[in-house]
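Single-letter residue listing:
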Amino acid sequence: QVQLVESGGGLVQPGGSLRLSCAASGMIFSIYAMRWYRQAPGKQRELVAAISRRGVTNYADSVKGRLTISRDNAKSTVYLQMNSLKSEDTAVYYCNSSPGDCWGQGTQITVSS
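The following refers to the structure shown.

The rules behind each value
Residues numbered from 1 in each chain as written. Predicted model: local features only at pLDDT ≥ 70, side-chain atom pairs only at ≥ 80, totals over all residues. Heavy atoms only, no water. Salt bridge = Lys/Arg side-chain N within 4 Å of Asp/Glu carboxyl O. Helix = DSSP H or I, 4+ residues; strand = E, 2+ residues; numbered from the N terminus. Buried < 20%, exposed > 50% of the residue type's maximum accessible area, 1.4 Å probe, protein only.

To continue, consider the pattern of salt bridges. What the rule picks out here adds up to four salt bridges. A salt bridge links arginine 38 to aspartate 89; the nearest nitrogen and oxygen atoms lie 2.9 Å apart. Here arginine 38 is found in strand β4 (residues 33-39), whereas its partner aspartate 89 is found in the loop between β8 (77-82) and β9 (91-98), with 51 residues between them in sequence. Classification of arginine 38 by relative accessible area gives buried; the value is 4%. The partner of aspartate 89 in a salt bridge is arginine 66, and the shortest N-O contact between them spans 2.7 Å. Of this pair, aspartate 89 sits in the loop between β8 and β9 while arginine 66 sits in the loop between β6 (57-59) and β7 (67-72), and the two are 23 residues apart along the sequence.

Nothing here speaks to function; it is geometry throughout.
Structure, rendered in structure tokens:
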């Protein structure tokens, strides 16, 4: 069945950069929109970035100019390049596919000095 596996999380200092990857299997990747969500402790899960099957992107206002979503259909992988990270970016980041609403296991991002 569909499987999404995130990687690339970790501890980073404020202002630093990370790149998240989400590898998909069990699906025709190119026909799905892909999304990155995040959830911080005590907060609602929120959509931070999305990319359509045709490559159209959308971002939460809080991450515009700092985070970039991209996809490589040949590798069935979606990426989230994270630059100029802030403490408020600390959260578990989840990969999601649409339609079908499938989720990865999440990867922790901690932005702290």
